[in-house]
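Commentary on secondary and tertiary structure
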Amino acid sequence: MALLPILRYPDPRLSIVAKPVETFDEELARLAADMAETMYAAPGIGLAATQVNVHRRLLVLDVSEDKSALQVFVNPEILGREGEHVGEEGCLSVPGIYETVRRAARIRVRAQDLRGNPFEIEAEGLLAICLQHEIDHLDGKVFVEYLSRLKQTRIKAKLAKQARLAA
Ligand code: NI
């Protein structure tokens, strides 16, 4: 397994729309394992393939308290949305920034596992929020893009400063 470098906003590669996974092979399983290791090490609760510069529709997440419940979603699709949830979100691609985002409170998602077997789940709470956030990544969208222009400009300036200090 290997830790993968995570793209940082506003890297233009975060805007690429990921393509469906068609081949369910060893390489896909290895990518999912590497993404899980990268997510746990960060540490974070979700990671989309887009964030590690692989533009295929795959995401991993673990919203459990003791980090014991890894979930992998291949080709996830939101079939239905219900209710509203307004809460603070962060992102491994936007380090140190936490902002309020409006999402659906409950969603129904269809996806495939690493073998290509289809499944459907009803998600609510943190799982529903995390899934919407990660599926957005696969569609080339970062959560800060829901904020005002002014806020986005401030966040870009803050991240540029962070990067300069780190260099
Ligand atoms: Ni994110």
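The sections below set out a description of the structure shown in this document. (Residues numbered from 1 in each chain as written. Predicted model: local features only at pLDDT ≥ 70, side-chain atom pairs only at ≥ 80, totals over all residues. Heavy atoms only, no water.)

A few points about the overall build of the protein chain
So the rule is basically this: We count a stretch as a helix when DSSP gives it H or I for four or more residues in a row; a strand needs E for two or more, and each element gets its number in order from the N terminus. Here the radius of gyration uses the C-alpha set of atoms, whereas the globule reference equals 2.2 Å times the residue count to the power 0.38. Relative accessibility thresholds used throughout: buried, under 20% of the residue-type maximum; exposed, over 50%; partly exposed, between the two (1.4 Å probe, protein chains only). Note on contacts: a residue pair is in contact if any heavy atoms of the two residues lie within 4.5 Å.
For the protein chain, the count of helices and strands is three helices and seven strands. By the compact-globule yardstick of 15 Å for 167 residues, the protein chain fits well, its C-alpha radius of gyration being 15 Å. Expressed along its principal axes, the backbone C-alpha trace of the protein chain runs to roughly 45 × 40 × 30 Å. Burial statistics for the protein chain: of 167 residues in total, 44% are counted as buried. Taking as baseline every contact in the protein chain between residues at least 6 positions apart, the subset at least 24 positions apart corresponds to 64%.

Observations concerning the coordination of the nickel ion
Put simply, the rule reads: Because no water is among the atoms considered, metal sites can look incomplete, with donors defined as N, O and S atoms within 2.8 Å of the metal, or 3.2 Å for Na, K and Ca.
Protein coordination at the nickel ion: the donors are Cys-91 (SG), His-133 (NE2) and His-137 (NE2), at 2.1 to 2.2 Å from the metal. Sequence spacing of the donor residues for the nickel ion, all on one chain, is C-x41-H-x3-H. Highlighted residues: His-133 and His-137, both in helix 2 (residues 125-138), separated by four residues, approximately one helical turn.

A closer look at the pairing of strand 5 (residues 99-103)
Under the convention used in this document: By this definition, two strands are paired if DSSP reports at least two bridges between them.
Of the two faces of strand 5, only the one carrying Glu-99, Val-101 and Arg-103 is buried; Thr-100 and Arg-102 on the other face are not. Pairing of strand 4 (residues 85-89) with strand 5, which is carried by five bridges, proceeds in the antiparallel orientation. Note that in strand 5 the partner of Glu-89 across the bridge is Glu-99.

Some details on the nonpolar core
What counts, and what does not: To qualify as a nonpolar core, a set must consist of buried Ala, Val, Leu, Ile, Met, Phe, Trp, Tyr and Cys residues joined through side-chain atoms within 4.5 Å.
Core analysis: the biggest nonpolar cluster contains 17 residues, and Leu-59, Leu-61, Phe-73, Ile-107, Ile-121, Ala-123 and Leu-131 have the highest contact counts within it. At the level of secondary structure, the elements contributing two or more residues to this core comprise strand 2 (58-61), strand 6 (106-112), strand 7 (118-124) and helix 2. In terms of residue count, helix 2 provides more of this core than any other element does, six residues in total. Once residues within four sequence positions are removed from consideration, Ile-107 is found in contact with Ile-78, Gly-80, Arg-81, Ile-121, Glu-122, Ala-123, Ala-128, Leu-131 and Gln-132. Leu-31, Ala-32, Met-35 and Val-52 belong to the second-largest nonpolar core, a separate cluster that totals 14 residues.

Focus: the layout of surface pockets
Rules: Definitions used for this entry: grid spacing 1 Å over protein atoms alone; cavity, a set of points where a 1.4 Å probe fits but cannot get out; pocket, an open set with protein on both sides within 12 Å along at least 5 of 7 lines; lining residue, one with an atom within 4 Å of a point. Grid points are joined across faces, edges and corners, and a volume is the space filled by probe spheres set on the points. For this scheme, ten residues count as nonpolar: Ala, Val, Leu, Ile, Met, Phe, Trp, Tyr, Cys and Pro. Four count as charged, namely Asp, Glu, Lys and Arg, and the remainder, Gly too, count as polar.
The computed volume of the largest pocket comes to approximately 310 Å³. If you list the elements that add at least two residues to the lining of the largest pocket, you get strand 4 and helix 2. It is helix 2 that provides the largest number of residues to the lining of the largest pocket, a total of five residues. Residues belonging to the lining of the largest pocket are distributed by class as follows: 11 nonpolar, six polar and three charged.

Quick word on the side chain of Asp-34
Filter applied, for reference: A residue counts as positive if it is Lys or Arg and as negative if it is Asp or Glu; His and the chain ends are not included. Here, a salt bridge means any side-chain nitrogen of Lys or Arg that lies within 4 Å of a carboxyl oxygen of Asp or Glu. As used in this structure description, the phrase polar contact means that two N or O atoms lie within 3.5 Å; if the pair is within protein, one of them must be able to donate a hydrogen and the other to accept it, and residues adjacent in sequence are counted only when both atoms belong to side chains.
Within the secondary structure, Asp-34 is located in helix 1 (residues 26-41). One buried charged residue, Asp-34, forms no salt bridge at all, with the nearest opposite charge on Arg-30 at 6.3 Å. At 2.8 Å, the side chain of Asp-34 and the backbone nitrogen of Ala-2 are in polar contact.

Considerations on the pattern of salt bridges
Two side chains with opposite charge may pair up if their charged atoms get near one another. All told, the structure shown has 11 salt bridges when counted by the stated rule. A salt bridge links Asp-136 to Arg-103, with the nearest nitrogen and oxygen atoms 2.8 Å apart. With a gap of 33 residues between them, Asp-136 in helix 2 and Arg-103 in strand 5 connect regions that are remote in the sequence. Each of the two residues, Asp-136 as well as Arg-103, counts as buried.

Worth remembering: the numbers are spatial, not functional.
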